[in-house]
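Spelled out, the chains give:
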Amino acid sequence: MTPEADQPTDHVADLVLEGGGVKGIALTGAVWAFDDDQWTFPRIAGTSAGAMVGSVLAALQAAGEPLSQVVELAKTLDYRKFRDRGFPGSWLGPLGAVTDPFAVVLEQGAYEGDYLHDWIRGVLADLGVRTFGDLRREDPDGDGQIHHEYSLVVTASDISRKRLVQLPWDYAEYGLDPDEQNVADAVRASASIPFFFEPVTLKGVHGRSTLVDGGLLSNYPISAFDRLDERPPRWPTIGIRLDALGIGAEPPPEPVRNVISMGIALVETAIEANQAEHVLDPCNIARSVYVDTRDIGAVDFSISAEEQRLLIERGHAAATEFLKTWDYPGWLKQCRPAWA
């Protein structure tokens with residue numbers, strides 16, 4: 001990718017994509033609107049579904065392809081296959097659900113997650129991206145930290161070490177070369193909804209770590225690319241959230257009926273608790289696109305083609321409205337007055 005120093009700063013931003021399971025379809029519609037307006041994204045951060053979409057966007061840019069292609073690529077996903085049970089559940093057809101609690105106990109997840117991993121690996125490979133080395137970028141005007149050295153970062157939660165990990169940035173802490181690590185493996189770890197998908201094991205100098213959904217600790221890493229030195233930002237960070245800001249009444253409580261729904265509820269509760277303060281900061285609200293996806297469940301993988309179309313349209317409409325009023329100089333004046 002072209003070094004930042006050679007890029008015009010108009011219609012350039014670092015991009016942050018919130019996680020949200022199947023709701024992530026809406027992210028593709030929002031990106032489509034940005035592409036219509038000819039935006040480019042030197043760096044992209046994402047969690048869970050945001051990591052999936054973000055990795056494809058980073059690969060599309062590396063290949064010189066239009067970002068709007070992410071919409072068509074998302075349509076090739078068969079969301080029903082996300083519920084990929086292992087043996088013996090896969091052999092029992094509609095009765096396979098009876099094995100889910102046993103899979104959770106024995107393998108820490110009801111579903112294998114192989115379809116998700118294989119799909120993202122195949123799409124990235126077709127675009128010439130396999131390892132994070134393929135997404136390394138030169139940035140002579142960055143802040144000198146690793147978070148400006150790659151065009152993609154995805155979050156995961158290391159529950160063995162009880163900490164957030166940002167990949168590829170944190171691979172070195174495991175004694176691993178970031179450039180040699182597979183992008184699809186990191187995305188699969190970021191999307192490992194506890195009790196729903198089997199977790200990912202990462203072997204490093206500290207032993208074996210268990211990685212689960214990054215949303216557990218940071219579902220919307222809006223500050224990921226903020227400079228760590230004293231220099232002013234060269235362009236904004238803009239995020240896309242799968243939420244409705246101040247729209248309508250609070251939804252009714254959702255019953256927790258089994259161990260899988262309990263796991264999902266635990267993750268969603270942790271997400272809301274951990275990110276409430278920084279997400280609701282007025283300066284972060286101002287640089288966020290809000291897409292209303294409240295009527296779709298994060299693991300509603302039986303979603304219809306019509307519902308998918310509506311999510312894409314909502315994302316496109318929300319981003320289009322955001323871009324009509326987005327004022328980066330005004331944002332700087334309010335939120336970073338020293339650099340305005």
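Chains are numbered independently. Their residues run from 1 in the order of the written sequence. Per-residue local features of the predicted model are confined to residues with pLDDT of at least 70, and side-chain atom pairs are confined, for both listing and counting, to 80 or more; whole-chain, interface and lining totals are unaffected and use all residues. Values reported for side chains reflect all heavy atoms of the structure, with hydrogen atoms and water molecules removed beforehand.

Q: What's the story with the overall build of the protein in this structure? I'm lost.
A: Strands are runs of DSSP state E lasting at least 2 residues, helices are runs of H or I lasting at least 4, and numbering of each runs from the N terminus. Per the secondary structure count, the protein includes ten helices and ten strands. Note on classification: 1.4 Å probe, protein chains only; a residue is buried when its accessible area is under 20% of the maximum for its type, exposed when over 50%, partly exposed between these limits. Buried residues in the protein amount to 51% of all 340 residues. In what follows, a contact means two residues having at least one pair of non-hydrogen atoms within 4.5 Å. The contacts in the protein between residues at least 6 apart in sequence include a share of 77% that link residues at least 24 apart. Taken as a whole, the protein presents about 15,400 Å² of accessible surface, with 54% of it coming from carbon and sulfur. Methods summary: accessible areas were calculated by the Shrake-Rupley approach with a probe of 1.4 Å, and residue burial reflects only the protein chains presented.

Q: Looking at this model, I keep getting lost on the packing of aromatic side chains. Mind explaining?
A: Describing an aromatic ring pair means giving the distance of the ring centres and the angle of the ring planes. Two rings from Phe, Tyr or Trp (for Trp, the six-membered ring) form a pair when their centres sit within 6.5 Å of each other. Planes less than 30 degrees apart are called stacked, planes more than 60 degrees apart edge-to-face, and all others tilted. Across all of its chains, the model carries 14 aromatic pairs by this definition. Ring centres of Trp169 and Phe225 lie 6.1 Å apart, and the angle between their planes is 75°; on these two criteria the pair is classed as edge-to-face. Separated by 56 residues along the polypeptide, Trp169 in the loop between β5 (163-167) and α6 (183-190) and Phe225 in the loop between β8 (207-213) and β9 (237-241) bring together distant segments of the chain. Each member of the aromatic cluster is reached from another via a ring pair, and the members are Tyr79, Phe82, Tyr111, Tyr115, Phe196, Phe197 and Phe301. Between Arg161 and the ring centre of Tyr174, over which it is positioned, the NZ or CZ distance is 5.0 Å. Either the NZ atom of lysine or the CZ atom of arginine qualifies as a charge over a ring when it sits within 6 Å of the ring centre and within 35 degrees of the ring normal. A cation sits over an aromatic face here: Arg234 above Trp235, 4.9 Å from the ring centre.

Q: So what exactly am I meant to see when it comes to the nonpolar core here?
A: Proteins that are soluble and globular tend to have nonpolar side chains buried together. Judged by nonpolar contacts, the single largest core of 93 residues is most densely connected at Phe34, Leu57, Tyr79, Phe82, Ile240 and Val289. In terms of residue count, helix α2 (residues 49-62) provides more of this core than any other element does, eight residues in total. Apart from the residues within four sequence positions on either side, Phe34 is in contact with Trp39, Phe41, Ile238, Ile240, Val289, Ala319, Phe322 and Leu323. Here the nonpolar core consists of buried residues drawn from Ala, Val, Leu, Ile, Met, Phe, Trp, Tyr and Cys, with membership extended through side-chain atoms lying within 4.5 Å.

Q: What is the right way to read the state of the cysteines from this model?
A: Simply put, the disulfide is a covalent bond whose two ends are the sulfur atoms of two cysteines. When two cysteine sulfur atoms are found within 2.5 Å, that pair is recorded as a disulfide. For the structure shown, the criterion picks out one disulfide. Two residues share a disulfide in this structure: Cys283 and Cys335, whose sulfurs sit 2.0 Å from each other. Measuring handedness by torsion sign, the sulfur bridge of Cys283 and Cys335 sits at about -100° and is left-handed. Here the residue Cys283 occupies a position in helix α8 (residues 282-286), and Cys335 occupies one in helix α10 (residues 328-335), the gap between them amounting to 52 residues. By relative accessible area, Cys283 is classed as buried at 16%. The class for Cys335 is buried, based on a relative accessible area of 12%.

Q: When you look at the side chain of Arg43 in this model, what are you seeing that I'm missing?
A: Of note, Arg43 is situated in the loop between α1 (25-36) and β2 (44-47). In terms of polar contacts, Arg43 uses its side chain to reach the side chain of Asp14, at 3.1 Å. The definition of a polar contact used here is a pair of N or O atoms within 3.5 Å, where within protein one atom must be able to donate a hydrogen and the other to accept one, and adjacent residues in sequence count solely through side-chain atom pairs.

Q: Would you explain the packing of α1 against helix α9 (residues 305-325) in this entry?
A: A pair of packed helices is captured by two measures, namely the crossing angle of their axes and the spacing between those axes. Working convention: axes come from line fits to C-alpha atoms, limited for helices to the stretch in contact. Angles between N-to-C directions cover 0 to 180 degrees. Where α1 meets α9, the closest approach of the two axes is 6 Å, and the angle between their N-to-C directions is 40°. It follows from the interaxial angle that α1 and α9 lie oblique. You can see that α1 and α9 cross each other, and the crossing is right-handed. Across from Ile25, Ala26, Thr28, Gly29, Ala30, Trp32, Ala33, Phe34 and Asp36 in α1, the residues of α9 making contact are Gln308, Leu311, Ile312, Gly315, His316, Ala319, Thr320, Phe322 and Leu323. Ten residue types, Ala, Val, Leu, Ile, Met, Phe, Trp, Tyr, Cys and Pro, are classed as nonpolar, four, Asp, Glu, Lys and Arg, as charged, and the remainder, Gly among them, as polar. Here the residues of the contact of α1 with α9 are counted per class, giving eleven nonpolar, six polar and one charged. Oblique is the label for every angle not falling under 35 degrees (roughly parallel), over 145 degrees (roughly antiparallel), or within 65 to 115 degrees (roughly perpendicular). Take the far helix as your reference; a near helix turned counterclockwise from it by less than a right angle gives a left-handed crossing, and one turned clockwise gives a right-handed crossing.

Q: Any chance you could explain a nonpolar patch on the surface here in plain terms?
A: Together, Val256, Met262 and Leu266 make up a nonpolar patch on the protein surface, roughly 280 Å² of accessible area in all. As for its position among the elements, Leu266 is in helix α7 (residues 259-279). Patch membership needs two things, relative accessible area over 30% and no salt bridge, and members are linked within 9 Å if like-charged or within 5 Å if nonpolar (Val, Leu, Ile, Met, Phe, Trp, Tyr). Definition used for salt bridges: Asp or Glu carboxyl oxygen within 4 Å of a side-chain nitrogen of Lys or Arg.

Q: Which parts of the structure should I look at to understand the pairing of β8?
A: The side chains of a regular strand alternate between the sheet's two faces. With three bridges joining them, strand β4 (residues 152-158) and β8 adopt antiparallel strand pairing. Bridging from a neighbouring strand, Ala156 pairs with Asp213 of β8. The pairing of strand β7 (residues 200-204) with β8 spans five bridges and is classified as antiparallel. Bridge assignment links Val200 to a residue of β8, and that residue is Leu211. Should DSSP find at least two bridges between two strands, the strands are taken to pair. Where β7 folds back on β8, the antiparallel hairpin that results is connected by two residues.

By themselves, these are just geometric observations and shouldn't be taken as functional.
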